[in-house]
Amino acid sequence: QQQVKQSPQSLIVQKGGISIINCAYENTAFDYFPWYQQFPGKGPALLIAIRPDVSEKKEGRFTISFNKSAKQFSLHIMDSQPGDSATYFCAAKYSGNTPLVFGKGTRLSVIA
Amino acid sequence: DGGITQSPKYLFRKEGQNVTLSCEQNLNHDAMYWYRQDPGQGLRLIYYSQIVNDFQKGDIAEGYSVSREKKESFPLTVTSAQKNPTAFYLCASSHGEGSGETQYFGPGTRLLVL
């Protein structure tokens, strides 16, 4: 059973537009929700993360929206740029020293 | 420079051969992880270790083995029992419990079967 479901699988956005990637999780014991960005041939890097006690977190052009009751969270990229073209992974984690559980990823292409 | 190094960048395996992927970190992290990445499958956990001389199986441990003899090193062996080893392998590390959640990833090793 997939614990973190991510959609869409791929996304094409015009330069300057808003990119939106969604994730849903099953287990209410998760208490940490990061988003990772991965460029081709590289390892993923943390982009932004949120805990369930807040509904939104913004860092520059990147915003996480979190809906605890719906067990959903999403990544919004404002003013999307060609340099944002990458694969984005959502993840979830239990408290303590436990591994991340990843979604299957979204390949974002920002076209001029 | 602090970080995670993985070697080699590319690795070729022959039929019936065991190969070992190296992962070293100088971040003084207690926990280390191995993930396998296949197109459209996301990152799947192979093994993880929370402390030296201890490790746990992840979701897809069959055909793999690990050791954690030193805090900074967590090598992964892909055995001949792993029938479909072609993938991108990622090592990660994080601080121990209560010290931070972020997992930091290495640059990856791409394993190809000859």
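Please read all numbers here as calculations on a predicted model, not as lab measurements.

J.: Go over the interface of chain B and chain A with me, naming the residues and quoting the values.
T.: If you look at the interface, chain B gives 23 residues, while chain A gives 20 residues. Both faces combined, the contact of chain B with chain A buries some 1800 Å², and carbon together with sulfur accounts for 53% of it. For the interface between chain B and chain A, the tally reads zero salt bridges. For the pair chain B and chain A, the number of links is three residue pairs in polar contact (both at pLDDT 80 or more). Elements represented by at least two residues in the side of chain B that touches chain A include exactly strand 4 (31–38), strand 5 (42–51) and strand 9 (87–94) of chain B.

J.: Describe the nonpolar core, and please don't skip the residues or the numbers.
T.: Counting residues in each nonpolar core, the largest one holds 25 residues, and the members touching the most others are Phe33, Trp35, Phe73, Leu75 and Tyr88 of chain A. Breaking this core down by element, the ones donating at least two residues are strand 2 (10–14), strand 3 (19–25), strand 4 (30–38), strand 5 (45–50), strand 7 (62–67), strand 8 (72–77), strand 9 (86–94) and strand 11 (106–111) of chain A. Among the elements that take part in this core, strand 9 of chain A stands out by supplying four residues, more than any other. Among all residues touching Tyr88 of chain A, those that are not within four sequence positions of it are Gln6, Ile21, Tyr36, Gln37, Leu47, Leu75, Ile77, Gly105, Thr106 and Leu108 of chain A. Ile46, Tyr47, Tyr64 and Cys91 of chain B belong to the second largest nonpolar core, which has 19 residues in total.

About the thresholds
Residues numbered from 1 in each chain as written. Chains lettered and ligands numbered in written order. Predicted model: local features only at pLDDT ≥ 70, side-chain atom pairs only at ≥ 80, totals over all residues. Heavy atoms only, no water. Contact = heavy atoms within 4.5 Å. Buried area = accessible area lost by both parts, 1.4 Å probe. Salt bridge = Lys/Arg side-chain N within 4 Å of Asp/Glu carboxyl O. Polar contact = N/O pair within 3.5 Å; in protein donor to acceptor, adjacent residues only side chain to side chain. Helix = DSSP H or I, 4+ residues; strand = E, 2+ residues; numbered from the N terminus. Core = buried A, V, L, I, M, F, W, Y, C linked by side-chain atoms within 4.5 Å. Buried < 20%, exposed > 50% of the residue type's maximum accessible area, 1.4 Å probe, protein only.

Interpretation in functional terms is not warranted from these geometric data alone.
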